[in-house]
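# Remarks on the overall topology
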Amino acid sequence: MNNEQQDELANKIRNQLDDAVAGMDGATQSKLRQARAQAMEKSLSTTRPFYWSLYNGRGRRWLPAGVALASVLMLAVLLVPLQPELPSSDQAGMLAAEDIEILSQPEELELYEDLEFYRWMSASEMG
Amino acid sequence: MLNALCVPYDSQGSKDQVTDQSTQITNQLNSFFAEIEKRAFHMANYALGNPDDALDAVQEAMMGLMERYTHRPEEEWRPLFYTILQSRIRDRQRRSSVRKRFGGLLSLLHSDDDHPADAFQQTPDTVVQNPEESLSNEDAGTAIERALKNLPYRQQQTFLLRIWEGCSVKQTATALGCSEGTVKTHLSRAMSALREELGDFHYEQ
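This is a predicted model, so every value here is computed, not measured.

### Focus: the overall build of chain B
- Counting its regular elements, chain B contains nine helices and zero strands.
- Ordering the α and β elements of chain B from the N terminus gives α-α-α-α-α-α-α-α-α.
- Across the 205 residues in chain B, those meeting the buried criterion constitute 40%.
- Sequence separation of at least 24 residues holds for 66% of the intrachain contacts in chain B that already meet a minimum separation of 6.
- When the accessible surface of chain B is split by element, carbon and sulfur atoms take 50% of a total near 11400 Å².

### Digging into the overall build of chain A
- If you tally the helices and strands in chain A, you get seven helices and zero strands.
- Helices (α) and strands (β) of chain A occur, in sequence order from the N terminus, as α-α-α-α-α-α-α.
- Residues counted as buried form 15% of the 127 residues belonging to chain A.
- About 10100 Å² of surface is accessible on chain A, with carbon and sulfur atoms providing 59% of the total.

### As for the nonpolar core
- Grouped together as the largest cluster of nonpolar side chains are 58 residues, with contacts concentrated most on Phe81, Leu85, Leu148 and Phe159 of chain B.
- Filtering out sequence-adjacent residues up to four positions away, Leu148 of chain B remains in contact with Ile13 and Leu17 of chain A together with Tyr46, Gln156, Phe159, Leu160 and Leu194 of chain B.

### Focus on the pattern of salt bridges
All names here are of chain B.
- With the rule as written, the count across this model stands at 12 salt bridges over all chains.
- With its nearest N and O atoms 2.8 Å apart, the salt bridge here joins Asp91 to Arg94. Here Asp91 and its partner Arg94 are both found in helix H3 (residues 77–110), three residues apart, which amounts to about one turn of the helix.
- Residue Lys149 pairs with Glu145 through a salt bridge whose shortest N-O separation is 3.2 Å. Remark: Glu145 and Lys149 occur in helix H6 (residues 140–150); sequence separation between them is four residues, near one turn of the helix.
- For Lys149, a relative accessible area of 42% translates into the label partly exposed.
- A network of salt bridges, in which partner residues are shared, links Asp53, Asp56, Glu60, Arg88 and Arg92.

### Points about the side chain of Gln156 of chain B
All names here are of chain B.
- By the element assignment, Gln156 lies in helix H7 (residues 153–164).
- By relative accessible area, Gln156 is classed as buried at 1%.
- At 3.2 Å, the side chain of Gln156 forms a polar contact with the backbone oxygen of Tyr46.
- In this view, Gln156 contacts Tyr46, Ala47, Leu148, Lys149 and Leu151; residues no more than four positions away in its chain are not counted.

### Focus: the packing of helix H1 (residues 3–22) of chain A against H6 of chain B
- Look at H1 of chain A against H6 of chain B: their axes get within 10 Å of each other, and the N-to-C directions meet at 105°. Judged by the angle between their axes, H1 of chain A and H6 of chain B are roughly perpendicular. Judged by residue contacts, Lys12, Ile13, Gln16 and Leu17 of chain A of H1 of chain A engage Ala140, Gly141, Ile144 and Leu148 of chain B from H6 of chain B.
- Of the residues belonging to the contact of H1 of chain A with H6 of chain B, the class tally is five nonpolar, two polar and one charged.

### Some words on the packing of H7 of chain B against helix H8 (residues 169–176) of chain B
All names here are of chain B.
- Direction vectors running N to C along H7 and H8 enclose 140°, while the axes themselves pass 10 Å from each other. Regarding the angle of H7 to H8, the classification is oblique. At the point where H7 passes H8, the crossing takes the right-handed sense. Facing H7, whose interface residues are Tyr153, Arg154, Gln157, Thr158, Leu161 and Arg162, H8 presents Val169, Thr172, Ala175 and Leu176.

### Observations regarding H1 of chain A
Residues and elements named next belong to chain A.
- For H1, spanning 20 residues, the distance from its first C-alpha to its last is 28 Å, which sits close to the expected 28 Å at 1.5 Å a residue.
- Looking at H1, one finds that the buried residues are Leu9, Ala10, Ile13, Leu17 and Val21. The buried residues of H1 occupy an angular sector of 110° when projected down its axis, which confines them to one face. Residues of H1 that are exposed and point over 90 degrees away from its buried face: Glu4 and Ala22.

### Quick word on the environment of Asp52 of chain B
All names here are of chain B.
- Along the chain, Asp52 falls in helix H2 (residues 51–68).
- Residue classification places Asp52 among the partly exposed residues on the basis of a relative accessible area of 47%.
- Between the alpha carbons of Asp52 and Phe41 there is a distance of 9.8 Å; along the sequence they are 11 residues apart.

### Points about the confidence of the model for chain B
Residue and element names in this part refer to chain B.
- The pLDDT averaged across chain B works out to 81; a share of 71% of its residues lies at or above 70.
- When the elements of chain B are averaged for pLDDT, helix H5 (residues 131–137) gives the smallest value, 51, and H7 the largest, 96.
- The low-confidence segment residues 1–9 (pLDDT under 50) makes 28 contacts with residues lying over four places distant or belonging to another chain.

### Digging into H8 of chain B
Residue and element names in this part refer to chain B.
- Where H8 is concerned, the buried positions are Val169, Thr172, Ala173, Ala175 and Leu176. Relative to the axis of H8, the buried residues are bounded by an arc of 165° and lie together on one face.
- Directly after H8, the chain includes Gly177, whose backbone phi takes a positive value near 70°.

Parameters at a glance
Residues numbered from 1 in each chain as written. Chains lettered and ligands numbered in written order. Predicted model: local features only at pLDDT ≥ 70, side-chain atom pairs only at ≥ 80, totals over all residues. Heavy atoms only, no water. Helix = DSSP H or I, 4+ residues; strand = E, 2+ residues; numbered from the N terminus. Buried < 20%, exposed > 50% of the residue type's maximum accessible area, 1.4 Å probe, protein only. Contact = heavy atoms within 4.5 Å. Areas by Shrake-Rupley, 256 points an atom, 1.4 Å probe, with all protein chains shown as cover. Core = buried A, V, L, I, M, F, W, Y, C linked by side-chain atoms within 4.5 Å. Salt bridge = Lys/Arg side-chain N within 4 Å of Asp/Glu carboxyl O. Polar contact = N/O pair within 3.5 Å; in protein donor to acceptor, adjacent residues only side chain to side chain. Axes fitted to C-alpha atoms, helices over the stretch in contact; angles between N-to-C directions. Parallel < 35°, antiparallel > 145°, perpendicular 65-115°, else oblique. Nonpolar A, V, L, I, M, F, W, Y, C, P; charged D, E, K, R; others polar. Left-handed = near helix turned anticlockwise from the far one by under 90°. Expected span 1.5 Å × (residues − 1). Arc of directions from axis to C-beta. pLDDT = per-residue confidence, 0-100.

Structure (structure tokens):
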């Protein structure tokens, strides 16, 4: 089949198909319209993000409560790090043990108590 | 685009803008689907041979386009839509063939001699004309429809996408999930088969 014959056949079939579409029965056209409407409605409801309901409909009335809750949560997050850091129970235990050790060594305490005397003696020896 | 819906709520102005955009997109899509749906239905019906299945496939293709590709430029909607439609058609064909296979197995399991073949069904129909006679008596529309239905799926859809829908070779290849060379081969074979099937009828009209 040459190109001319091929084009002629293709045109004939194309025209016939166009006629079939133009003459589609009313029932099928109606079903197609319904299918399109359903597809658009379903797709829009699944495509919309959750906060789309804030724009329209019932979700709008929950907006003030949501904003208030978010504010409280943000405040809580900001305030927690501002509290002074207290030593943990393990750290407190270790500090108490060191204190007891120092207190139980009297000679070292005497050194600290007479620190001024030792400084005077050292200075006079050098002089 | 529908992604424009995903803009945070900030002011009345932006809300109106978003609503306007989404309404515009929805209207564009509605017009696009209204323009394409009849041809899409015919294509699906040729492939599936069942109007209800064809309707479902078209609806699923519409939903697929809306859910995933509305952010793409409008000129891409047509090839994308046909790509999704072809995918849905193939899914349905696969499901149908599996159903037939299981149906065949079940009928083998349930076959017994209690249900002999219906004698009426076995009697040859002497009124039926041979293909040549049938062809000479039917109108052009019926003959073309029958010839298209007789084509193998890929040849048939290649012909419809390329010749009827005007898709490019590349778009057709994408829609059918094959190479551009394969599209050319399918189209050539489809034309030969149609010429052969329609025969002299084509030149008599």
